[in-house]
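# Per-entry structural report
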Amino acid sequence: MPPTSLILRVVVEDSASVAEVCLVVQLPAGTTVIWEGDVPYLLGAHWGSERTAAWLGEQFRRHAALVMQQMGHQPLRQALQVSLMRHQQPGGGQVWLTRCLP
């Protein structure tokens, strides 16, 4: 049975000199949208988690504009920012974050 609310999953993993970011969005209609991107650690350190999250959100919007309209920019940016901040902490490694949005 498809979910009744939109489910957003953010995964951040180590991969050499970049953080690999994967977004999985499950829509109430049962559709799943997957997007993957990389953030070089030097760029992420220079920009900080807030600007990096905004940039990743823009990349996702270009990939799935209709999904972004349903979800909204702010919930995605917040989820990305929290995930990036957790990943940057000592021992952060792989980070999974799941949010259910109305």
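Keep in mind that this is a model prediction, so the values were computed, not measured.

### Some words on the overall build of the protein chain
Counting its secondary structure elements, the protein chain contains three helices and four strands. Taken from N to C terminus, the helices and strands of the protein chain fall in the order β-β-β-α-α-α-β. A principal-axis box enclosing the C-alpha atoms of the protein chain has dimensions of 40 × 25 × 20 Å. Across the 102 residues that make up the protein chain, the buried fraction comes to 40%. When contacts within the protein chain are restricted to residue pairs at least 6 apart in sequence, long-range pairs at least 24 apart make up 49% of them. Just so you have it, the protein chain exposes about 5,900 Å², and 54% of that area is on carbon and sulfur atoms.

### A closer look at the pattern of salt bridges
Counted by the stated rule, this structure contains two salt bridges. A salt bridge links Arg-61 to Glu-58; its shortest N-O distance comes to 2.5 Å. Placement of the pair is Arg-61 and Glu-58 together in helix H1 (residues 41-63), with a separation of three residues, close to one helical turn. Put simply, Glu-58 and Arg-62 hold a salt bridge, and the shortest N to O gap is 3.3 Å. Taken together, the residues span about one helical turn, with Glu-58 and Arg-62 both in helix H1 at a distance of four residues. Under the relative-accessibility criterion, Glu-58 is labelled partly exposed at 25%.

### Some points on the packing of aromatic side chains
A complete count under the given rule lists two aromatic pairs for this structure. Between Trp-47 and Trp-55, the ring centres sit 5.7 Å apart and the planes meet at 65°, which makes this aromatic pair edge-to-face. Given a relative accessible area of 31%, Trp-55 falls into the partly exposed group.

### Notes on the packing of H1 against helix H3 (residues 73-88)
Two numbers describe how H1 lies on H3: the axes approach to 9 Å, and their chain directions differ by 150°. Relative to H3, the element H1 lies roughly antiparallel. Between H1 and H3 the crossing geometry is right-handed. Contacts between H1 and H3 involve Tyr-41, Ser-49, Glu-50, Thr-52, Ala-53, Ala-54, Leu-56, Gly-57, Phe-60 and Arg-61 from the former and His-73, Leu-76, Arg-77, Leu-80, Gln-81, Leu-84, Met-85 and His-87 from the latter.

### Section: the state of the cysteines
Within this structure, the stated rule accounts for zero disulfides. Unpaired in terms of disulfides, Cys-22 finds its nearest cysteine sulfur in Cys-100, a separation of 17 Å. Classification of Cys-22 as buried rests on a relative accessible area of 18%.

### Considering the environment of Gln-74
In this fold, Gln-74 is placed in helix H3. Sequence-wise, Gln-74 and Ala-54 are 20 residues apart; in three dimensions their C-alpha atoms are separated by 9.1 Å.

Calculation notes
Residues numbered from 1 in each chain as written. Predicted model: local features only at pLDDT ≥ 70, side-chain atom pairs only at ≥ 80, totals over all residues. Heavy atoms only, no water. Helix = DSSP H or I, 4+ residues; strand = E, 2+ residues; numbered from the N terminus. Buried < 20%, exposed > 50% of the residue type's maximum accessible area, 1.4 Å probe, protein only. Contact = heavy atoms within 4.5 Å. Areas by Shrake-Rupley, 256 points an atom, 1.4 Å probe, with all protein chains shown as cover. Salt bridge = Lys/Arg side-chain N within 4 Å of Asp/Glu carboxyl O. Phe/Tyr/Trp six-rings, centres within 6.5 Å; stacked < 30°, edge-to-face > 60°. Axes fitted to C-alpha atoms, helices over the stretch in contact; angles between N-to-C directions. Parallel < 35°, antiparallel > 145°, perpendicular 65-115°, else oblique. Left-handed = near helix turned anticlockwise from the far one by under 90°. Disulfide = S-S within 2.5 Å.

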